Amino acid sequence: MEAYLGIDVGSVTTKFAVLNGSDELVAHIYLLTQGKPIDMVQQGLKQIKQQLPKDVDICGVATTGSARYLAGVIVGADLVKNEITSHAVGALHYFPQGQTIIEIGGQDSKIIIIRDGIVADFGMNTVCAAGTGSFLDHQALRLNISIEEFSQRALDSTTPVRIAGRCTVFAESDMIHKQQMGHRTVDILYGLCQALVRNYLNNVGLGKDIQPPIIFQGGVAFNQGIVKALQEELGTEVIVPPHHEVMGAIGAALLVHEEIADSHNGSKFKGFGISEIKYHTSSFECKACPNQCEIAQLSVNGQVLARWGGRCDLWERSPTS
Amino acid sequence: MIKVGIPRALLYYQYYPMWKTFFEGLGAEVVVSPPTTQAILSSGSSRVVADTCLPVKVFCGHVLALVGECDYIFIPAIRSVKSKICNCSKFLGLPDMTKAVIPESPPILDIDIDINKGKHELYQAIYKLGRRFTWNPFKVRQASIAAWQAHLKYKQLMSNHGLTPSQAIERISNTTEVEPKTPSGNPTPNQATIAVIGHPYLLYDAHINYRLIHRLEQAHYKVLTPEMLTTEELELAITRLIGGAYWTYEEEMVGAGGHYLESGTDGVIGIMAFGCGPDSLMMDIVHRWAARLRTTPFMSLTLEEHTAEAGVVTRLEAFLDMIHRKKRRRLKLCV
């Protein structure tokens, strides 16, 4: 069976998606990165292999997400693509008529404006993580409830409290204040959802022409409270597509299919066997100039596979020297 | 021979040939600080007060790099270069601020440039600066005329020949004749063009912008910058967008942005510094204009000391993908 593999290694989760020759999703998995992107890529490959038929032939592999270069070297990617393009291509595959894509992940959030089936504008959050999944994770931890429970209970709110969502630090003190005042937990939970949505729309969505149909994807789209708050704030329906959490990986797989079809080259995929290899990462400070760049390197059995992290391409150019 | 140090930061990129010619005409030797490195940036940002913007932090680092290398440091206070136009307060107080935060700096040669006060005041200021080197007013006059000619040649090399500031500076110091604009300077039919707008001290400092221009050229894009436009083109665009300039150096942002958004480039990237007041206002004007026109994709990047390279790279990749896919779709439709 002809198949294309997309791997999305994000800051919080790692996603795998396998498409067949006619771009249908045949397998997907969703793992927590836990700060160990290499282990998770290896584990994910092992797990997804079990979901696939014996005669599978991986014709192309693409990586995306913040660890896309690292993952690309490990699996032998044919294409390394940024997450904005991957998410847009994935969403448009399922909803060609979509005009706005809202994607909220663990550490970043994006808005992609689509016109005539093509990306016309996009925005990404700046360094602040107040409008992302980790904000919710953090506050759920403070309230001592699981993130799954958060999603369900937020819907029970009748009189949500207003929480300042500009900054996680202020949101936290605001939240504690509201708790001390005796507000119900469910109202605080939904207040947090509204705070995140407000912050997202005022920060990432600022000046963007948000038109329906709106597609909402990424891990945070699991949260029913956020979906409800988004719909209220935008005053229109928000579509959460199936497999929204692996949409970046699906997009990457679609892109590599297109790329392989255009170039007629064979795949550089190193095979499922790489999940057994012991990878070693290390770093050092480059002494070539006063910039003192931290160079990270990936090696197997003492042989360096790749180096990156420099301000110039001195180390990237010659990984073997 | 007296050594005059010039920090390779802020207005260096606009006026270096002029300043160099002036001081050399007065018999001084000119020393320039090395290109920005992490060490220069860190040393600068460790001195300044908390709310200082990135370009000024870089500037202080360059002043520190010149300590011990020269007898004087030249830091002009440029108040206005055109009548009824304001400059950012950071530029107005630059010599005084440097004196306060870098007490070990060599004596500062400063000059108040304020066109609002009229030509007489300007000549007086130039003469006052020149008197530090010579008592002969004719020598000062000669040096300033030569300096102005060097400046005009520098501007012309960039606007008429499409050279970057560093290329133009090299050409001027080598005194080689320049051949007229070659066809190779123009984009080939299928080559996409990207205009990068912003102040030259952000555009041409490869350290603080993460080699943005280099990255674009590596991806085979033809890069256009504000310096490649003539003063007339820039002023025309400003008039169209906002009627008239308010800030000094507004043409680099609003003028160039307005021009490139309507001149058929495939995309425009605006670069601004975090914490810069005028930049945030000017970039917003360009942003709104781009949103109104909806013809040319526009993206703005904010640079900061702590900007992660990944953030710049991801946005740039996504922006270029957007342009590439758009262009490919158009080509397919034509076929």
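Nothing here was measured: the structure is a model prediction, and the numbers come from that model.

Undergrad: Now, about the overall build of chain A: what can you tell me, with residues and values included?
TA: Across its full length, chain A holds 10 helices and 13 strands. Here chain A has a C-alpha radius of gyration of 21 Å; the compact-globule value for 321 residues is 20 Å, and the two agree. Across its three principal axes, chain A shows a C-alpha extent of roughly 60 × 50 × 35 Å. Out of the 321 residues in chain A, the part that is buried amounts to 54%. The long-range share in chain A, meaning contacts at least 24 apart out of those at least 6 apart in sequence, stands at 62%. A total of about 14,000 Å² of accessible surface is found on chain A, and carbon and sulfur atoms cover 51% of it. Between the averaged position of the 25 positive side-chain charges in chain A and that of its 33 negative side-chain charges there is a distance of 7 Å.

Undergrad: For the sheet that holds strand β9 (residues 214-217) of chain A, give the residues involved together with the corresponding values.
TA: All names here are of chain A. Reading across from one edge, β8-β7-β6-β9-β10 is the order of the five strands in this open sheet, with mixed pairing throughout. For this open sheet the edge positions go to β8 (118-124) and β10 (238-239), each flanked by a neighbour on one side alone. Taken strand by strand, helix α7 (residues 185-203) contacts β6 (100-104) and β7 (109-115), and its axis lies near 125° from that of β6.

Undergrad: Let's hear about the packing of helix α1 (residues 12-25) of chain B against helix α8 (residues 165-174) of chain B: which residues, and what values?
TA: Residues and elements named next belong to chain B. Interhelical geometry of α1 versus α8 gives an angle of 5° and a closest axis separation of 10 Å. In terms of orientation, α1 and α8 fall into the roughly parallel class. When α1 is examined against α8, the residues Tyr12, Tyr13, Tyr16 and Pro17 are found in contact with a partner set consisting of Pro165, Ile169 and Ile172. Residue composition of the contact of α1 with α8, grouped by class: seven nonpolar, no polar and no charged.

Undergrad: Explain unusual backbone geometry to me, and be specific about the residues and the numbers.
TA: In this model, proline 212 of chain A is joined to proline 213 of chain A through a cis peptide bond whose omega is -5°. Note that proline 213 of chain A resides in the loop between α7 and β9. In the Ramachandran plot, histidine 220 of chain B falls in the positive-phi region, its phi being about 65° despite a non-glycine side chain. Using a relative accessible area of 62% as the deciding quantity, one classes histidine 220 of chain B as exposed.

Undergrad: Tell me about the domain arrangement of chain A, residues and numbers included.
TA: Residue and element names in this part refer to chain A. What the domain assignment reports for chain A is domain 1 (2-87 + 248-276), domain 2 (97-240) and domain 3 (279-317). Here the C-alpha centroids of domain 1 and domain 2 sit 28 Å apart. On the domain 2 side, the residues contacting the six residues of domain 1 number 12 residues. Carbon and sulfur atoms supply 72% of the area that domain 1 and domain 2 bury against each other, a total of about 760 Å² over both sides. For domain 1, the biggest contributors to the area lost against domain 2 are Val12, Ile84 and His87; these three give 69% of the whole. Linking domain 1 with domain 2 are zero salt bridges. Here the side of domain 1 that touches domain 2 gets three residues from one element, more than from any other, and that element is helix α3 (residues 83-94).

Undergrad: Give a detailed account of the pattern of salt bridges, specifying residues and quantitative values.
TA: Across all of its chains, the model carries 25 salt bridges over all chains by this definition. When the shortest N-O distance is used, the salt bridge between aspartate 209 of chain A and arginine 294 of chain B registers 3.4 Å. In this pair, aspartate 209 of chain A sits in the loop between α7 and β9 while arginine 294 of chain B sits in the loop between α13 (277-293) and β10 (298-303), so the two residues belong to two different chains. In this structure arginine 294 of chain B comes out as exposed when scored by relative accessible area, which is 64%. With a shortest N-O distance of 2.5 Å, glutamate 309 of chain B and arginine 215 of chain B are connected by a salt bridge. Here the residue glutamate 309 of chain B occupies a position in helix α14 (residues 309-334), and arginine 215 of chain B occupies one in helix α10 (residues 212-218), the gap between them amounting to 94 residues. Look at the salt bridges and you will find they share partners, linking Arg68 and Glu83 of chain A together with Glu317 of chain B into a network.

Undergrad: So what's going on with the sheet that holds strand β2 (residues 13-20) of chain A? Which residues, and what values?
TA: Residue and element names in this part refer to chain A. One open sheet holds the five strands; their spatial order is β3-β2-β1-β4-β5, and the pairing between them is mixed. Taken across any chain shown, the strands that pair with only one partner, and hence form the sheet edges, are β3 (25-32) and β5 (79-80). Judged from the seven bridges that link them, strand β1 (residues 2-9) and strand β4 (residues 57-64) form a sheet pairing that is parallel. Each residue of the ladder has a partner; that of glutamate 2, found in β4, is aspartate 57. Helix-sheet contacts for helix α2 (residues 68-75) involve β1, β4 and β5, and the interaxial angle to β4 is about 155°.

Undergrad: Before we move on, can you summarise the nonpolar core with the specific residues and values?
TA: Core analysis: the largest hydrophobic core is formed by 98 residues, its most contacted members being Phe22, Phe23, Phe74, Ile194 and Leu216 of chain B. Not counting chain neighbours up to four residues away, the residues in contact with phenylalanine 23 of chain B comprise Val4, Ala28, Val30, Phe74, Leu109, Leu129 and Phe133 of chain B. Phe135, Ala154, Ile188 and Val227 of chain A belong to the second-largest nonpolar core, a separate cluster that totals 35 residues.

Undergrad: Tell me what's going on with the state of the cysteines, and back it up with residues and numbers.
TA: Taken as a whole, this structure holds zero disulfides over all chains when the rule is applied. Free cysteine: cysteine 276 of chain B, not disulfide-bonded; nearest cysteine sulfur from cysteine 53 of chain B at 5.8 Å.

Undergrad: Outline the domain arrangement of chain B, supporting the account with residue identities and numerical values.
TA: Residues and elements named next belong to chain B. Split into domains, chain B comes out as domain 1 (3-171) and domain 2 (190-334). Computed over C-alpha atoms, the centres of domain 1 and domain 2 are 26 Å apart. When the two sides are added together, the surface that domain 1 and domain 2 hide from each other amounts to roughly 2,500 Å², 63% of it contributed by carbon and sulfur. It is Tyr13, Leu54 and Cys86 that lose the most area in domain 1 upon contact with domain 2, and together they represent 22% of the buried surface on that side. Counting across the interface, domain 1 meets domain 2 through three salt bridges. At the boundary of domain 1 with domain 2, the tally comes to 10 residue pairs in polar contact (both at pLDDT 80 or more). For the side of domain 1 that touches domain 2, the secondary structure elements donating two or more residues are α1, α2 (38-45), α3 (54-66), β4 (77-80) and α7 (137-161). With four residues, α3 is the single largest residue contributor to the side of domain 1 that touches domain 2.

Undergrad: Give me the interface of chain B and chain A: which residues, what numbers.
TA: Buried accessible area, meaning the area lost when the parts come together, often serves as the stated size of an interface. Chain B puts 25 residues into the contact, and the matching count from chain A is 29 residues. Each partner contributes to the roughly 2,300 Å² buried at the junction of chain B and chain A, and carbon and sulfur atoms together form 44% of this total. Counting across the chain B and chain A interface gives five salt bridges. In this structure, arginine 68 of chain A engages glutamate 317 of chain B in a salt bridge whose closest nitrogen and oxygen atoms are separated by 3.1 Å. The interface formed by chain B and chain A contains 11 residue pairs in polar contact (both at pLDDT 80 or more). Those elements that place two or more of their residues in the side of chain B that touches chain A are α2, β10 and α14 of chain B.

Undergrad: Outline the pairing of β4 of chain A, listing residues and values.
TA: Residues and elements named next belong to chain A. With seven of eight residues buried, β4 is to be regarded as a mostly interior element. Looking at chain direction, β4 and β5 are connected through two bridges and run parallel. Following the sheet pairing, threonine 63 is matched in β5 by valine 80. What joins β4 to β5 is α2, and the crossover it makes is right-handed.

Conventions used here
- Chains are numbered independently. Their residues run from 1 in the order of the written sequence.
- Naming scheme: in the order in which they are written, chains are lettered from A and ligands are numbered from 1.
- Restriction of local features to residues with pLDDT of at least 70 applies here, the model being predicted, together with a cutoff of 80 or more for giving and counting side-chain atom pairs; totals for whole chains, interfaces and linings are based on all residues.
- Hydrogens and waters are ignored; side-chain quantities use all the structure's heavy atoms.
- Per the convention used, a helix needs a DSSP run of H or I reaching at least four residues, while a strand needs a run of E reaching at least two, with both numbered from the N terminus.
- In this setup the radius of gyration rests on C-alpha atoms only. A globule is expected at 2.2 Å times the number of residues raised to 0.38.
- Exposure classes here rest on a 1.4 Å probe applied to the protein chains alone. A residue is buried below 20% of its type maximum, exposed above 50%, and partly exposed in between.
- The contact rule is simple, with two residues in contact once any of their heavy atoms fall within 4.5 Å.
- All accessible-area figures derive from a Shrake-Rupley calculation using a 1.4 Å probe, and residue coverage is judged against the displayed protein chains alone.
- Residues scored as positive are Lys and Arg, those scored as negative are Asp and Glu, and His as well as the terminal groups of each chain are ignored.
- Taken as the charge location is NZ of Lys, CZ of Arg, CG of Asp or CD of Glu.
- Paired strands, in this sense, are two strands between which DSSP finds at least two bridges.
- Orientation is described by axes fitted as lines to C-alpha atoms, over the contacting stretch for helices, and by angles from 0 to 180 degrees between their N-to-C directions.
- In this scheme, roughly parallel covers angles under 35 degrees and roughly antiparallel covers those over 145, while 65 to 115 is roughly perpendicular and the rest are oblique.
- Polar here means any residue outside two lists: the nonpolar Ala, Val, Leu, Ile, Met, Phe, Trp, Tyr, Cys and Pro, and the charged Asp, Glu, Lys and Arg; Gly therefore counts as polar.
- Note that domain bounds follow an automatic or database assignment of domains.
- Here the quantity called buried area is the accessible surface, traced with a 1.4 Å probe, that two parts lose on coming together, added over both.
- Salt bridge, as used here, is a side-chain nitrogen of Lys or Arg placed within 4 Å of a carboxyl oxygen of Asp or Glu.
- We call a set of buried residues a nonpolar core when its members are Ala, Val, Leu, Ile, Met, Phe, Trp, Tyr or Cys and they connect through side-chain atoms within 4.5 Å of each other.
- The disulfide criterion used throughout: a pair of cysteine sulfur atoms within 2.5 Å.
- Polar contact is the term for a pair of N or O atoms within 3.5 Å; when the atoms are in protein, one must be able to donate a hydrogen and the other to accept it, and sequence-neighboring residues count only if both atoms are side-chain atoms.
- Consider the strands pointing away from the viewer: the crossover is right-handed when the path from the first strand over the helix to the second runs clockwise.

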